[in-house]
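Structural features, examined
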Amino acid sequence: MFEMIALPYNPAELAPYMSEETLNYHYGKHYKTYVENLNNLIKGTEFENMTLEEIIHRTVGKEEYTAIFNNAAQAWNHQFFFEHLQANGGEPGPEMQIRIAKQFGSYQDFLKEFKQNALSQFGSGWAWLAEDPSGKLLVLKTPNADTPLAHGYKPLMTVDVWEHAYYLDYQNRRGDFVDAVTNHLWKWQ
Ligand code: MN
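Please read all numbers here as calculations on a predicted model, not as lab measurements. (Residues numbered from 1 in each chain as written. Predicted model: local features only at pLDDT ≥ 70, side-chain atom pairs only at ≥ 80, totals over all residues. Heavy atoms only, no water.)

Thoughts on the coordination of the manganese ion
- Of the protein atoms, only His-26 (NE2), His-78 (NE2), Asp-160 (OD) and His-164 (NE2) coordinate the manganese ion, at distances of 1.9 to 2.1 Å.
- Sequence spacing among the residues donating to the manganese ion works out to H-x51-H-x81-D-x3-H. Here the residue His-26 occupies a position in helix α1 (residues 20–42), and His-164 occupies one in the loop between β3 (154–160) and α6 (167–170), the gap between them amounting to 138 residues.
- Overall, His-26 belongs to the buried group, its relative accessible area being 0%.
- Residue His-164 is classed as buried on the basis of its relative accessible area of 16%. (Donors = N, O, S within 2.8 Å, 3.2 Å for Na, K, Ca; no water. Helix = DSSP H or I, 4+ residues; strand = E, 2+ residues; numbered from the N terminus. Buried < 20%, exposed > 50% of the residue type's maximum accessible area, 1.4 Å probe, protein only.)

If you want it as structure tokens, here you go:
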């Protein structure tokens, strides 16, 4: 049985960039449903005592396990997203600044590429900064529940670009939401 993670902040703290109402729905309804669905789907199966990461790796690309993959990946993606937000967030520390500048030119160039990548995800999905197996940084997008974790990449930062993540606060303005999260809420670890 998976338990929901606790939010590491009060849901009102991230306003005005992410409203309490959005977090109450996003954390308290959407994320909750993924965790509950997953628990129901894995009850009494070989997946029951695995970690989320193990379930994701064992179910990716297997048609018979699509529902388990989708709910496990969405539980993992949301936990990662919520845990990498904070009030007064922003730029990474000096070491990551250097890595980003080396790969993308500058932190501002990286943000531009990240936003473009997020805007070009057609429909629901996720935008990512990730590391490939050789340690190279790259921006990626994944549709629906898919996650770089399932494909050998190490996720470093993300923005949820499903409409449920921003519609109450930004309506159709996905780019404004991405700017708000990356400039004001990202918690680099
Ligand atoms: Mn979401």
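Things to note about helix α4 (residues 94–104)
- Taken residue by residue, α4 has Met-96, Ile-100 and Phe-104 as its buried positions. Looking down the long axis of α4, one finds its buried residues gathered within 45 degrees of arc, a one-sided arrangement. Residues Pro-94, Glu-95, Ile-98 and Lys-102 are exposed on α4 and point more than 90 degrees away from its buried face.
- With its phi angle positive at about 105 degrees, Gly-105 sits one or two positions after the end of α4. (Arc of directions from axis to C-beta.)

Quick notes on the environment of His-184
- Summarising the element assignment, His-184 is placed in helix α7 (residues 174–185).
- Judged by its relative accessible area of 31%, His-184 falls in the partly exposed class.

Things to note about the pattern of salt bridges
- Scanning the model with the defined rule gives four salt bridges in all.
- Glu-131 is the partner of Arg-99 in a salt bridge, and the nearest nitrogen-oxygen pair spans 3.1 Å. A residue pair is termed long-range when its members are at least 10 positions apart, and Arg-99 in helix α4 and Glu-131 in strand β1 (residues 125–131) qualify at 32 residues.
- What makes Arg-99 partly exposed here is its relative accessible area of 28%.
- Look at Glu-131 and you get buried, because its relative accessible area is 18%.
- The residue Asp-176 makes a salt bridge to Arg-173 at a minimum N-O spacing of 3.0 Å.
- Residue Asp-176 is classed as partly exposed on the basis of its relative accessible area of 35%. (Salt bridge = Lys/Arg side-chain N within 4 Å of Asp/Glu carboxyl O.)

So, the packing of α4 against helix α5 (residues 107–119)
- Orientation of α4 relative to α5, taken along the N-to-C sense of each, is 65 degrees, at an axis distance of 8 Å. Our classification of the angle between α4 and α5 gives roughly perpendicular. The crossing of α4 and α5 is left-handed. Facing Gln-97, Ile-100 and Phe-104 of α4, the residues of α5 in contact are Tyr-107, Asp-109, Phe-110 and Glu-113.
- For the contact of α4 with α5, a count of residues per class yields four nonpolar, one polar and two charged. (Axes fitted to C-alpha atoms, helices over the stretch in contact; angles between N-to-C directions. Parallel < 35°, antiparallel > 145°, perpendicular 65-115°, else oblique. Left-handed = near helix turned anticlockwise from the far one by under 90°. Contact = heavy atoms within 4.5 Å. Nonpolar A, V, L, I, M, F, W, Y, C, P; charged D, E, K, R; others polar.)

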